[in-house]
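One letter stands for each residue in the lines below.
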Amino acid sequence: MKKGKDENTEEQILEAAKNVFQTKGMDGARMQEIADKAGINKAMLHYYYRSKQLLFEAVFKNVFSLLAPQLNAILNDDSSIEEKVKNFTFNYISFISKHPYLPNFIIQELNRNPEFILQMKDSKGFPNLAKFKKQVDREVEKGSIKPISAEQLFINILALNIFPFVAKPLIMAFSNVDSKVYKQLMEDRKTEVADFIINSIKNT
């Protein structure tokens, strides 16, 4: 952080920007609105972040850093495949239930600027599948689980956990449920998803 910049002010800016970006998107957000919400003038905002793109990237990194290290820790611990699936699902759904804006925010930026995520691949805490891949290959070879690539298994885990949050209005409409019932459905998925995936790969 450059000398003279205040941590509290920067936190206010990032929080204000996060709120504006998640409701207006990158293209619809205005620096003046972010400055107003942060309680500072536009000149001060530009002192911290010279452009809207730089501010958006800072917000995205901040948001992504809340979730990615948790998922990476689960993928690289010494637990079994079954425990990894259970822990990943439970922790992800618990976390997103507290931060429901995250999936859409991340997907929005991935669609708008797919190259940006590639720039973050080497950052600390970014999910690494190397150990998970070796573990899945080993379990397939032993016959403990059905033949499946680690990539396909990971995509299945991500899809079943992410989609219900991204498609919340659609699910509520199709299922004809209110927010209270939807919340309970997501709570139930902490175990439902894990059981579904484990049963689909387990060799019985």
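This one's a predicted model, so the numbers in the text were calculated from it and none came from an experiment.

Peer 1: Give me the layout of surface pockets: which residues, what numbers.
Peer 2: Approximately 410 Å³ is the volume found for the largest pocket. The wall of the largest pocket is formed by 18 residues, among which F64, L71, P127, L158 and I162 lie closest to the centre. The set of elements that each furnish at least two residues to the lining of the largest pocket consists of α4 (52-75), α5 (81-98), α6 (102-112) and α9 (150-166). A class-by-class count of the residues in the lining of the largest pocket yields 18 nonpolar, no polar and no charged. Of the volumes computed, that of the second largest pocket is approximately 280 Å³. Around the second largest pocket, the lining is made up of 14 residues, and of these S97, P100, F165, K168 and Y182 lie nearest the centre.

Peer 1: Explain the UniProt feature "DNA-binding region" (unreviewed entry) in the protein chain residue by residue, including any values.
Peer 2: Those places that UniProt annotates as "DNA-binding region" (unreviewed entry) correspond, in this numbering, to residues 30-49. A helix fraction of 75% and a strand fraction of 0% characterise residues 30-49, whose end C-alpha atoms lie 13 Å from each other.

Peer 1: Requested: an account of a nonpolar patch on the surface, with residues and values cited.
Peer 2: A surface patch of nonpolar side chains, about 370 Å² in accessible area, is lined by F163, L170 and F174. Within the element layout of this structure, F163 appears in helix α9.

Peer 1: So, the packing of aromatic side chains: which residues are in play, and what are the values?
Peer 2: Summed over the entire model, instances satisfying the criterion amount to five aromatic pairs. Ring geometry for Y47 versus Y48: centroids 5.5 Å apart, planes at 85 degrees, classification edge-to-face. Note on F132 and F154: the rings are 6.5 Å apart at their centroids and 65 degrees apart in plane angle, and the pair reads as edge-to-face. Placement of F132 in helix α8 (residues 130-142) and of F154 in helix α9 is noted, with a sequence separation of 22 residues between them. One aromatic cluster in this structure is built from F88, F132 and F154.

Peer 1: Kindly report on the packing of α8 against α9, identifying the contributing residues and their values.
Peer 2: Two elements in contact, α8 and α9, have axes separated by 9 Å at closest approach and are oriented at 110 degrees. Classed by the angle they form, the pair α8 and α9 counts as roughly perpendicular. At the point where α8 passes α9, the crossing takes the right-handed sense. Contact residues: F132, K133 and V136 in α8; A150, E151, L153, F154 and I157 in α9. Considering only residue class, the contact of α8 with α9 consists of six nonpolar, no polar and two charged.

Peer 1: Tell me about α4, and please be specific about residues and values.
Peer 2: For α4, with 24 residues, the first-to-last C-alpha span of 34 Å sits near the 34 Å given by 1.5 Å per residue. Most pronounced at S65, the bend in α4 amounts to some 35 degrees, and the proline P69 follows within four residues.

Peer 1: Pulling in residues and values, what's your account of the pattern of salt bridges?
Peer 2: By the definition in use, this model includes eight salt bridges. With a closest N to O distance of 2.9 Å, E33 and K24 form a salt bridge. Overall, E33 belongs to the partly exposed group, its relative accessible area being 27%. Note that K84 is salt-bridged to D77, the shortest N-O span being 3.1 Å. Given the relative accessible area of 3%, K84 is considered buried. Take D77: its relative accessible area is 26%, and that puts it in the partly exposed class.

Rules behind the numbers
Residues numbered from 1 in each chain as written. Predicted model: local features only at pLDDT ≥ 70, side-chain atom pairs only at ≥ 80, totals over all residues. Heavy atoms only, no water. 1 Å grid on protein atoms, 1.4 Å probe; cavity = no way out; pocket = protein on both sides within 12 Å on 5 of 7 lines; lining within 4 Å. Points joined across faces, edges and corners; volume = space filled by probe spheres on them. Helix = DSSP H or I, 4+ residues; strand = E, 2+ residues; numbered from the N terminus. Nonpolar A, V, L, I, M, F, W, Y, C, P; charged D, E, K, R; others polar. UniProt positions renumbered as here; feature names shortened; annotations may be inferred. Patch = residues over 30% accessible without salt bridge, like charges linked within 9 Å, V, L, I, M, F, W, Y side chains within 5 Å. Areas by Shrake-Rupley, 256 points an atom, 1.4 Å probe, with all protein chains shown as cover. Salt bridge = Lys/Arg side-chain N within 4 Å of Asp/Glu carboxyl O. Phe/Tyr/Trp six-rings, centres within 6.5 Å; stacked < 30°, edge-to-face > 60°. Axes fitted to C-alpha atoms, helices over the stretch in contact; angles between N-to-C directions. Parallel < 35°, antiparallel > 145°, perpendicular 65-115°, else oblique. Left-handed = near helix turned anticlockwise from the far one by under 90°. Contact = heavy atoms within 4.5 Å. Expected span 1.5 Å × (residues − 1). Bend = angle between axes of the 7 residues up to and from the residue. Buried < 20%, exposed > 50% of the residue type's maximum accessible area, 1.4 Å probe, protein only.

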